[in-house]
Amino acid sequence: MRLRNLVFGLLSLSVLAPILLYIDSFSSFTPSFKQEFLEDVTALILPADTSNLNVLPQDESSAVLKEPIGIIYTDNHTKTILTDKDLQLPDTGRALSATDEDAQPRKDDIIKQVIQSANQEKEETRTDRGADQESHQLKQQSALNSDKVGEKDALLTKTNKQTDQSPMPAAWERQLRDRLIKASVYLSLPATKNNRRFARELRMWIKEVQRVLGDAIKDSDMPKNAYEKWKAMDQLLEKGKQMQYECANEVKKLRAMLHSTEEQLRVHKKQTMSFATMVEKLRAMLHSTEEQLQVHKKQTMFLTHLTAKTLPKGLNCLPLRLTTDYYNLNSSEQQFPNQEILDNPLLHHIALFSDNVLAAAVVVNSTVTNSKHPSKLVLHLVSDRLNYAAMRMWFLVNPPGKATIQVQNIDEFTWLNSSYSPVLKQLHSQSMIDYYFRAHSANSDSNLKYRNPKYLSILNHLRFYLPEIFPKLNKVLFLDDDIVVQKDLIGLWSLDLKGNVNGAVETCRESFHRFDTYLNFSNPLISNNFDPRACGWAYGMNLFDLEEWRRQNITDVYHSWQKLNHDRQLWKLGTLPPGLITLWKRTHPLDRRWHVLGLGYNPNVSQIEIERGAVIHYNGNMKPWLEIGIPKYRKYWAKYVDYVNVYLRECNINP
C-alpha cells in the first residue's frame, strides 16, 4: 500500500512538475519577450484583404482605443476567436493569470495552440522572402507602439495599403533582377539600337538598378527607394515593349512586301523567260535578215555601179546634138580665140580630161566665175574621139569669158600607144574586158568601186603623161570633171612644193584612205617598199611641178610599176593606187580647205566644211548629174549649170 502511494506520488510529480515549471516560466516572461509574443500573434492577422479584420467593430469611428476588445487568430481551415475573458495580456506582471481555477487548463491549451500556430506561421513566412520583409517591418512598428494598441492598428492599416500598391515583399529583389535581364535583352534589339535616346535612357536605368541591387541577397538589404526604381523600370520596359511591337508590325509589313515582291519576281521571271524565247526568235530572224541584207547590199552595190556606168538619156542626147551642129560649121567657125598663148608659162594653166560635156562645162564655168583674174587662166581640155566635137561645140557656143580654152582629141597624141604605155596595152586586153563586162565577175568581186568604166578609159590615165602633153609648161593644175570650184585658185601657183612633184590634200583623217586600203601588202614587192599606215592623198585637184617630174623621171617609174601589175596582184584597177606608188615620198600636203572630199558617197560632210572649201569633190558613184546623187549636195553643182541653155532644154535636162 505504501509502495503504491509512492509510485502514484512520483507519477503525479512527473506530470505536475513540468506544468508548474512551464507556468512559472511563462509567468516570469520579460516585457521584451511579451512584446515579441504579441508581435507574433499580431502577424497572424495580416492578410492582403483587410476587410476581413474584425478587431474593431464596424461602426467604431475612433482611431485610438484605450483597450483592445479582442485578438483574432485565423488559419486556412479554422477560425478561433480569443476574447479578453479567454486571454488577458496585462501591461505588467504575469503574462497570463487565471481568474478562475477551472478555466486554467483550457487557457493553457489555448496558449499552446497559439504558440504552436505562431511557430508554424513563422516557419512558413521564412520560406517567402517577401512575407519576411513585411513581417520585419510590422515587428519594428509594434516595438515602437507596444504601449498603444490603437497606434498599432493604424500601422496595420497603413501597411495593408502599401501591400495593395507594391508586389509581394519577397519578390522585389527577384523582380528587379528579372527586369534588369529584360532591359539588357531590349538593349541588344535593333529597334532599341536605332532609337538612341531610348537606348541611352535604358542604359542609365540599368546602371541605377544595378546600384540599387548592389550586393543585396534578400529584401531586407534593399534601400527604401527600391519600389520607385522598380516602378520606373517597369514603365521604361513597357515603352520598350511598345517599340518592339511596332517593330514587329513593321516586320510583318516588310514580310508582306517581300512576299509581294517575290510574287512579282516570279511573274517577271516568267515574262523574262518568255522574253528570252522571243529574243532567240528575233536573233534567228535577225540573222536571216542580215544574210538577206548582205545579198541585197551586194545587189544594190552592183546596180549602183551599173547605174554609174549608164548615162541618163539627156546626157546622151546632149553630145549628139552638139556634134551635129559642130560639123555644120565651117572651118573658121570651129576655131577658138587666143590660141597663141597656150604655151605661155607665165599664165595659170589648168588641165581637164573628160568625156562628159555637162560635167566639163560646170568645172570651167565655176573656175572662171570664181577667179579674180580670169584673163590669166588657160584651160586645157582633152576628150576622146566620140565627144571631141561636142566638147568643142559647147565652148564655142558658151565661151569661158576672158579665159582662154583649148580642146584636144586624145587620138591626136600619136606618141601615146600600147608600145609606149603599158596601161594602154592592158586596157585593150581581153581579160580586162571580161573583168568589166561579165556579170558573174561583177558579183564575185567585193571591191566594186574600182570597177568603174572610167578606169577603162585612157583619159583617166592621161594624168601620168602631163609632161608629154605640155612639154613647154612648168606647172599645171589638174582638175577632175566631178569637182566644183568655189574659190579663186590662182594662189596655188605661188605655193612652194619644196622639191616635190605633187601638191595634194592628204586623207589621213579617214582610216580607209591609207596605203593598206589600196595596195596588196601580202605581196613582198609592196610590203618591202611601202608603209601600210602611210597617208593617202586625193586625186581631183593636184598641182604638178612638171620640171621636177621630168628631172625625177616619174613617167618611167609609173611604167615600171604598171608592168609589175600586169596580173593585178599589186593593186586593183584605178589611178589612185599607181599614183600613190609612183609619187611615194614625192607629194607635198596642201591645206584641207583647198580640197573637200566625199560628196559622192558620204552624206555626212559638214556644211561649214563644204562652204569654206576652195574645191568640192563628188568622188564616188553618186555623181550630182545622176539620179542617185545625194540631193542635199546637188545644189552646189547645179548652181553652175545654165538650165535655160537651148541645148539643155532640147535634151530635157532640168534641175
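For the structure, check the block above.
Remember, predicted model here, so these are calculated numbers, not experimental data.

As for the overall build of the chain
A count of helical and extended segments in the chain gives 25 helices and twelve strands. In the chain, which comprises 655 residues, the proportion classed as buried is 43%. Within the chain, contacts between residues separated by at least 24 positions form 74% of all contacts whose residues are at least 6 apart in sequence. For the chain, the exposed surface amounts to about 38100 Å²; the carbon and sulfur share of it is 54%.

Section: the packing of helix α10 (residues 313–326) against helix α12 (residues 388–397)
Running from N to C, α10 and α12 cross one another at 75°; their axes reach a closest spacing of 8 Å. Classified by the angle their axes make, α10 and α12 are roughly perpendicular. Only A389, A390, R392, M393, W394 and L396 of α12 make contact with α10, whose side of the interface consists of L318, P319, L322, T323, D325 and Y326. Along the lines of polarity and charge, the residues of the contact of α10 with α12 split into nine nonpolar, one polar and two charged.

Observations regarding the state of the cysteines
Tallying each qualifying case throughout the model produces two disulfides. Two residues share a disulfide in this structure: C317 and C651, whose sulfurs sit 2.2 Å from each other. Because the sign of the S-S torsion sets the handedness, a value of about -70° for the bond joining C317 and C651 places this disulfide among the left-handed ones. A residue pair is termed long-range when its members are at least 10 positions apart, and C317 in helix α10 and C651 in the segment after α25 (646–650) qualify at 334 residues. Since its relative accessible area comes to 22%, C317 is described here as partly exposed. For C651, a relative accessible area of 6% corresponds to the buried category. Disulfide partners in the chain, listed by the sequence order of the bonded cysteines, are 1-4, 2-3.

Details of the sheet that holds strand β11 (residues 595–596)
The mixed open sheet is built from three strands, whose spatial order is β7-β12-β11. A single partner strand is all that each edge strand has here, and the edge strands are β7 (483–485) and β11. In the sheet, β7 pairs with strand β12 (residues 615–617) via three bridges, with the strands oriented antiparallel. Along β12, the bridge assignment pairs I483 with H617.

With respect to the packing of aromatic side chains
This model, assessed by the stated rule, comprises 17 aromatic pairs. Geometrically, the ring pair formed by F464 and Y539 is edge-to-face, given 6.3 Å between the ring centres and 90° between the ring planes. Remark: Y539 occurs in the loop between α19 (524–527) and β9 (541–545) and F464 occurs in the loop between α16 (458–461) and α17 (466–469); sequence separation between them is 75 residues. Comparing F464 with Y539, the two get one shared label, buried. A centroid spacing of 6.4 Å and a plane angle of 75° characterise the contact between F478 and Y539, whose relative ring orientation is edge-to-face. Within this pair, whereas F478 is found in strand β6 (residues 475–479), its partner Y539 is found in the loop between α19 and β9, the two being separated by 61 residues in sequence. Exposure class is identical for F478 and Y539. Each is buried. Ring pairs connect the aromatic residues F353, F413, W415, Y420, F464, Y465, F478, W537, Y539 and Y558, which therefore count as one cluster.

Thoughts on α10
Helix length check: α10 (14 residues) gives 20 Å between terminal C-alpha atoms against 20 Å at 1.5 Å per residue, within 8%. For α10, the complete set of buried residues consists of G314, L315, L318, P319, L322, T323 and Y326. Across the axial projection of α10, the buried residues extend over an arc of 165°, all falling on one side. What points out from α10, more than 90 degrees from its buried face, is the exposed set K313 and L320. Its buried side turned inward, α10 meets α11 (357–369), α12 and α25.

Reading the values: the criteria
Residues numbered from 1 in each chain as written. Predicted model: local features only at pLDDT ≥ 70, side-chain atom pairs only at ≥ 80, totals over all residues. Heavy atoms only, no water. Helix = DSSP H or I, 4+ residues; strand = E, 2+ residues; numbered from the N terminus. Buried < 20%, exposed > 50% of the residue type's maximum accessible area, 1.4 Å probe, protein only. Contact = heavy atoms within 4.5 Å. Areas by Shrake-Rupley, 256 points an atom, 1.4 Å probe, with all protein chains shown as cover. Axes fitted to C-alpha atoms, helices over the stretch in contact; angles between N-to-C directions. Parallel < 35°, antiparallel > 145°, perpendicular 65-115°, else oblique. Nonpolar A, V, L, I, M, F, W, Y, C, P; charged D, E, K, R; others polar. Disulfide = S-S within 2.5 Å. Pairing = 2+ DSSP bridges. Phe/Tyr/Trp six-rings, centres within 6.5 Å; stacked < 30°, edge-to-face > 60°. Expected span 1.5 Å × (residues − 1). Arc of directions from axis to C-beta.

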